[in-house]
Amino acid sequence: MPKKKCVHIISHTHWDREWYLPYEKHHVLLIKLMDKLLDTLDSDPEYKSFHLDGQTIILDDYLQIRPEMREKLQSFVRERRIHVGPWYILQDEFLTSSEANIRNLQYGVKDAAQWGNVSKIGYFPDSFGNIGQAPQILSQAGINHAVFGRGVKPTGFNNTVSETDDYESPYSEMQWRSPDGSSVLGILFANWYCNGNEVPTDETGARKYWDQHIISLEKYAATPHLLMLNGCDHQPIQTDLPEAIRTAERLYPNIEFIHSNFNDYIGKVSTSVPEDLKVIDGELRSQQTDGWGTLVNTASARVYMKQMNQRCQTLLEKVAEPLSAFAYLQGEDYNHHLLSYAWKTLMQNHPHDSICGCSVDEVHREMVTRFEKSKHVSEMIIDESLNSISKQIDTTSFEKWSENALPFTVYNTTGWDRTGAVSITLDVRRDYFSSGVNKKELKEFPLGDRLLIDAEGNEFNCKVEDLGIAFDYDLPEEKFRQPYMARRVHLTFEAERVPALGFKTFAWVRTVSQQEISKNDVSLITDENQMENDYLKVKIAKNGSLTVTDKTNGRTFEELCVYEDTGDIGNEYMYKQPNGEQVITTKDLQGKVTITEDTPFQATFQIVHEWEIPACASDLLDIEQRELVWFTGRKSTRVEEKIPFTIKTLVTLERNSKGINVKTSFDNQAKDHRLRVLFPTDIKTDTHYVDSIFEVVKRFNKPTEEWTNPDHSQHQQAFVDVSNDDEGLTVANLGLSEYEIIRDGRNTIAITLLRSVGELGDWGYFPTPEAQCLGEHSVSFRIYPHSGKEEVSKAYQDAYQYQVPWSIKQTGIHDGDLPPVHSFIQWESSNLAFSSMKVADKSGDVMIRWFNMADEDGSLIVETPETYNNAYESNVIEEIKEPLHADRKQSVHVPVRKHEIVTIGFTKGNSE
Ligand SMILES: [Zn+2]
C-alpha cells in the first residue's frame, strides 16, 4: 500500500553575505529580513520555524546592528523555531584549507550551542561541488546527514542512462561515503533550494503551482516525503505561508502539507528510504555533466585572493597555532580569544562567493583588509610565542666560541624534519635611546671574521649582507616602548635537518683564528645555464624552458615551465576560450638568462621572456555582456593589437633539495585572458593525484563522455602529481588553486597563474573591472620529480612543507630548560600527513591532527609530551575522548584506517 505523500515545506533564506552587492548593502537587507522574521515568529504561532542557512555568522551580523534583540533571538533558537549552525559561514570547501573546513565547523557548533541548539545537518546548499571527506568530517562531529545543491546528477526514477550512471543516483537521496568508509545520508536539492518559493495563497494560483511542483518533487524523491524549500538567495520571509499551506490542504486532501524543518524531514526520510540507496563515493564535482556549469573556474578568478588566503591561513594554522602550543607546553597561556578572532576574521573571507572571487569589486577590496587583519593578529601571536620559547633555550654553549656570539633559533612548525634555505636579519649591536645612541660607532662597528655554527660547533656556509644601521623598538610587557638603533646584517644559509615541530639553534660567532674553508664551498652552477646538486640537474633551454634530470633514476623532463596564454570571454565563474582561437606559448620565444645568486648552498637563474599578447577581447564582448549573451554562446574573439607582456622567472636550486623553486612575476596590462605554466610529464597513466581536503585524491585525466567543455580545469590545494609506479612529477604551489591535465598525449600539467575577466556572470550583468587583475603579480611553485610509488609520499611531504614559512628568532646568551635542538612532539608514520597542533578551548588539552594520505591502513606512533602525557583519541570537534595507553617509552600506538582523519588529545598527567 502506498504511503500518504507528505510535503515538507521548510522556510529559509540563502544568505550570501556579499556577492552582487557589497557586504554592507546585503547587511542592510539582512537586518530587514531578520526584523521581519522575529516579528512573524512572534505574531503568528502557525509560522512554525525558519532555517537560518546553516551559518551562525548571520546572528552576529544582525546583533551588530540590533544588539537589543539578543534575548528574543536566543529564545527562538532555544524553542527550535530558528535553526542555527552547524557552520560559522558557508564556505567554499575546495578553496579553503583542510583545517579551515574543520574550524568552520568547530566555531559554528560552539556558537550555535551557545545560542541554544545546533542544527545537526551538514548544510551545503550552494557549494560549488563537495569534498570527498565531508562525510567523514560530519560523522566525526556526530552529524549523520548532509544536504547539498550540486555535484551529483540524479537521473530520475525511470530514466535510463548510459554506462556512466555508475556515478549517479536515481534519487535525490543517497549514501554519500568518504574514502575512509564513513558515510552519511546525502540529499541533493534536485529541484534546487528555491523549489518551494513564494507559494500562492489563492486557489487558482495554488492549483497551478502545486500541480507542477508535485510532479517535479516526485521525480527524484525515494520516499513519500517531499522536500520544498521555501526561500532563495536573500529571499524575504513569506509571512503568509501558513495561509498558503491551508489552501494546499483544502485543494489536495490526499497529501499532507507540513511547515517542517530539516530535523523532522530527515527523521522521516531516514526511516523510509529504500535499502538499495545508491552509494556515492568521495568528491561530488559534477563530472557527469557537460562541464559548463561546474563553476570550477572560480578557482582562478582573482588569483591574488587565493594567494592572500594561502598566506594568511598557513600563518595562522601552520605557524601561529603550533608556536603557541609549543609555548603552552612550556607553561605560557594560550591565546584562545585572539586565535578565535583571527580565525573568524579569516573565515569571513571563506564564503563561496567571497573566496571564489565571484563577487563585485567592492567585496574583494574589503576582503584584502580582512586578510590583513587576520594576518596582523597571527604575526603578533607568532612574535610573542617566539619570544617566550626562545628565552627558555639554553644558549650558553655558544659562549665558548667567542664573545659577542649572536645566537638565533630556526623553528620548523611543519610535521617533518626540514632542510632548506633560511634568512635572518640579525642585530649585531643595539644602542637603546635610553642609554644613548652612537651612530658613528654603530656604523663602524666591526663585524669581524665570523662563522655560522650550530650548538655542537658544526660550521655552515652563509651569505652575509651588511644592512648598515636601522631604527627599531621593543615593546616590553611592563614598560614603555624601547626604541633603539641597531647595526644589522642579513644572513642566508641552508638550515639542515631542523626537527619536526621543533627548532634548532645556531649562532653567528667570531672566529678566533682563520678557519678552514668548508668542504661544501663549491658552486651549484656546473655549466652555462645549468645547475646541479646530488639529486637534480637543471638546464635552461634557449626558449627559457627547463630540462630537469632526476639523477636518482636518470629520468629527464623536458620543456618544463613554458607559458601559455589564451583569450577568456567567460566570467568570474567560468573560463571560455574564444571559438577557434589558437593558443599562444613561449615555446618559440628566446629566454634571456642571467645568474642572480651563486652561493655554496643555492643557485638562482633569472629567465626573462619579452612576450607580446593580445591587448583584450574585441568590442563585441562588451555588447555580449551587456545583452546577457550566455558565455557559452559568445562569438567575440581577442583583438589583433598586441601589448608587451614581460615574464621574469627565478629558478632556484638548493644544495640539499629534491625540488626546484620557481618564482614568476609579470605586470599584467592585458584583459580577457588566461595565463598558465605548463609541465609536460610524458608519464603514462590515466589518473593523477591532487591535494584536496584531508585527502590526496585520485582523479581521471580524461573527463567523462558527456563532458563537452574543452577545458577540464580542477581544484587543487598544495599540489598536483602525475605519477605511476616508476616515475612521477609533483608540482606544488602557493595559492594557485586551479590546474588541468591537458589531453595532449603528454599528460601535461597546466597551472593557472592568472585569469582576467570583466564580469561577474550568473544571473545578470555585473561589471567587475578589477577582476581583470591588472598590475604586478608574483606567483610561486615548486617542481619535484620523483621515482613513483616508493617516493611519492616524500614528494607530498615536501609539497606540504613548501607551504609553510620558517620562523626565526634572534636571542641572547642565556640558561634555559630547553636544549638548543628540540622537538616538542615526535611522531612516526610513513603515510600520515601532519595537519595541526593547537590547544582545545574547552579542555585546555593539546590537540594534534593528522590524516592518512594513503589508500591503505596504517599506524601512528606518538611520543607523549612530558607534562601532557595522557593521550586520547578525539574527533574533529574535540569532543570524544577514547583513552590511549602509552608504552614504557611513553609512546602511544594508534591504528589508522586508510584516509582517516586522526586527532589525538594530550591532557596533563595526574601525579600518582
Ligand atoms: Zn550562495
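Residues numbered from 1 in each chain as written. Predicted model: local features only at pLDDT ≥ 70, side-chain atom pairs only at ≥ 80, totals over all residues. Heavy atoms only, no water.

## Concerning the overall build of the protein chain
Phase 1 of the analysis: The number of helices and strands found in the protein chain is 14 helices and 47 strands.
Phase 2 of the analysis: Taking 912 residues into account, the globule formula puts the C-alpha radius of gyration at 29 Å, and the protein chain, at 29 Å, falls close to it.
Phase 3 of the analysis: Taking the principal axes of the C-alpha coordinates as reference, the protein chain spans close to 100 × 75 × 50 Å.
Phase 4 of the analysis: Out of the 912 residues in the protein chain, the part that is buried amounts to 62%.
Phase 5 of the analysis: Considering only intrachain contacts with a sequence separation of at least 6, the fraction spanning at least 24 residues in the protein chain is 76%.
Phase 6 of the analysis: On the protein chain, roughly 36,500 Å² of surface is accessible, and the fraction owed to carbon and sulfur atoms is 47%.
Phase 7 of the analysis: Mean positive and mean negative side-chain charge positions of the protein chain (95 and 139 charges, respectively) differ by 1 Å. (Helix = DSSP H or I, 4+ residues; strand = E, 2+ residues; numbered from the N terminus. Rg over C-alpha atoms; globule rule 2.2 N^0.38 Å. Buried < 20%, exposed > 50% of the residue type's maximum accessible area, 1.4 Å probe, protein only. Contact = heavy atoms within 4.5 Å. Areas by Shrake-Rupley, 256 points an atom, 1.4 Å probe, with all protein chains shown as cover. Lys, Arg positive; Asp, Glu negative; His and termini not counted. Charge placed at Lys NZ, Arg CZ, Asp CG, Glu CD.)

## Concerning the sheet that holds strand E5 (residues 145–148)
Phase 1 of the analysis: Here five strands make up an open sheet; going across it, the order is E4-E5-E7-E6-E10 and the pairing mixed. The open sheet has two edge strands, strand E4 (122–124) and strand E10 (279–281), and neither has a second partner. In this sheet, neighbouring strand axes are inclined to one another by 30° on average, regardless of whether the strands run parallel or antiparallel.
Phase 2 of the analysis: When strand E6 (residues 173–177) meets strand E7 (residues 183–188), the two strands line up antiparallel, connected through five bridges. Residue pairing across strands places Glu173 opposite Ile187, the latter belonging to E7. (Pairing = 2+ DSSP bridges. Axes fitted to C-alpha atoms, helices over the stretch in contact; angles between N-to-C directions.)

## Focus: the coordination of the zinc ion
Ideal coordination angles are 109.5 degrees for a metal with four donors arranged tetrahedrally and 90 or 180 degrees for a metal with six donors arranged octahedrally.
Phase 1 of the analysis: Coordination of the zinc ion by the protein involves His14 (NE2), Asp16 (OD), Asp126 (OD) and His352 (NE2), with metal-donor separations of 2.0 to 2.1 Å.
Phase 2 of the analysis: Considering all four donor atoms around the zinc ion, angles at the metal cover 90 to 161° and the coordination shape is irregular. (Donors = N, O, S within 2.8 Å, 3.2 Å for Na, K, Ca; no water. Tetrahedral: all angles 85-135°; square planar, octahedral: opposite > 155°, others 65-115°.)

## Observations concerning helix H13 (residues 619–626)
Phase 1 of the analysis: Burial in H13 covers these residues: Leu621, Glu624 and Gln625. The buried residues of H13 occupy one face: seen down the axis, they fall within an arc of 100°. Summarising the geometry of H13, the exposed residues directed more than 90 degrees from the buried face are Asp619 and Arg626.
Phase 2 of the analysis: At the C-terminal side of H13, Leu628 shows a positive phi close to 55°. (Arc of directions from axis to C-beta.)

## Thoughts on the pairing of strand E16 (residues 482–498)
Phase 1 of the analysis: For E16, the buried fraction is high: 12 of the 17 residues fall into the buried class.
Phase 2 of the analysis: Two strands pair when backbone bridges link them, and strand E12 (residues 418–432) and E16 are joined in this way by 13 bridges, in the antiparallel orientation. Paired with Ile424 across the bridge in E16 is Leu491.

## Details of the packing of aromatic side chains
Phase 1 of the analysis: Per the counting criterion, the structure on display carries 39 aromatic pairs.
Phase 2 of the analysis: A centroid spacing of 5.6 Å and a plane angle of 70° characterise the contact between Tyr123 and Phe262, whose relative ring orientation is edge-to-face. Here Tyr123 is found in strand E4, whereas its partner Phe262 is found in helix H8 (residues 262–272), with 139 residues between them in sequence. Of the two residues, Tyr123 and Phe262, both sit in the buried class.
Phase 3 of the analysis: Pairing Trp210 with Phe257 gives two aromatic rings, centres 4.9 Å apart and planes at 65°, and the pair type is edge-to-face. Pair noted here: Trp210 is in helix H6 (residues 203–220) and Phe257 is in strand E9 (residues 256–260), with a separation of 47 residues, a long-range link. You'll find Trp210 and Phe257 in the same group, each marked buried.
Phase 4 of the analysis: Aromatic rings pair up to connect Trp416, Phe694, Phe719, Tyr796, Tyr800, Trp827, Trp850 and Phe851 into one cluster.
Phase 5 of the analysis: The ring of Tyr252 is capped by Arg207, whose NZ or CZ atom sits 5.8 Å from the centre of that ring. (Phe/Tyr/Trp six-rings, centres within 6.5 Å; stacked < 30°, edge-to-face > 60°. Lys NZ or Arg CZ within 6 Å of the ring centre and 35° of its normal.)

## Examining a negative patch on the surface
Phase 1 of the analysis: On the surface, Glu332, Asp333, Glu384, Glu477 and Glu478 cluster together into a negatively charged patch.
Phase 2 of the analysis: With respect to the element layout, Glu332 can be found in the loop between helix H9 (303–329) and helix H10 (336–347). (Patch = residues over 30% accessible without salt bridge, like charges linked within 9 Å, V, L, I, M, F, W, Y side chains within 5 Å. Salt bridge = Lys/Arg side-chain N within 4 Å of Asp/Glu carboxyl O.)

## Some points on the nonpolar core
Phase 1 of the analysis: Of all hydrophobic cores here, the largest spans 229 residues; its most connected members are Trp210, Phe262 and Phe679.
Phase 2 of the analysis: The dominant element in this core, judged by the number of residues it contributes, is H9, at 15 residues.
Phase 3 of the analysis: When neighbours within four sequence positions are excluded, Phe262 is seen to be in contact with Ile10, His51, Ile121, Tyr123, Val147, Phe189, Leu227, Leu229 and Gly267.
Phase 4 of the analysis: Core analysis: the next-biggest nonpolar cluster, separate from the first, contains 20 residues, Val422, Phe445, Trp508 and Ile808 among them. (Core = buried A, V, L, I, M, F, W, Y, C linked by side-chain atoms within 4.5 Å.)

## A word on the pattern of salt bridges
Phase 1 of the analysis: The final tally for this structure, using the stated rule, is 51 salt bridges.
Phase 2 of the analysis: A salt bridge links Arg285 to Glu283; the nearest nitrogen and oxygen atoms lie 2.8 Å apart.
Phase 3 of the analysis: Since its relative accessible area comes to 15%, Glu283 is described here as buried.
Phase 4 of the analysis: Because the salt bridges share partners, they merge into one network encompassing Asp427, Arg430, Asp472, Asp474 and Arg488.

## Digging into the state of the cysteines
Phase 1 of the analysis: Under the definition given, this model contains one disulfide.
Phase 2 of the analysis: A sulfur-sulfur distance of 2.0 Å marks the disulfide that ties Cys194 to Cys232. Disulfide Cys194 to Cys232: torsion about the S-S bond roughly 55°, handedness right-handed. Here Cys194 is found in the loop between E7 and H6, whereas its partner Cys232 is found in the loop between strand E8 (225–230) and helix H7 (241–251), with 38 residues between them in sequence. For the residue pair Cys194 and Cys232, the accessibility class agrees, reading buried in each case.
Phase 3 of the analysis: Looking at Cys312, it has no disulfide partner, and the nearest cysteine sulfur is the one in Cys356, 17 Å off.
Phase 4 of the analysis: Relative accessible area serves as the criterion here: at 3%, Cys312 is assigned to the buried category.
Phase 5 of the analysis: You can see Cys356 has no disulfide; the closest cysteine sulfur is in Cys358, sitting 4.9 Å from it.
Phase 6 of the analysis: In this structure Cys356 comes out as buried when scored by relative accessible area, which is 0%. (Disulfide = S-S within 2.5 Å.)

Limitation: the analysis is restricted to geometry and does not speak to function.
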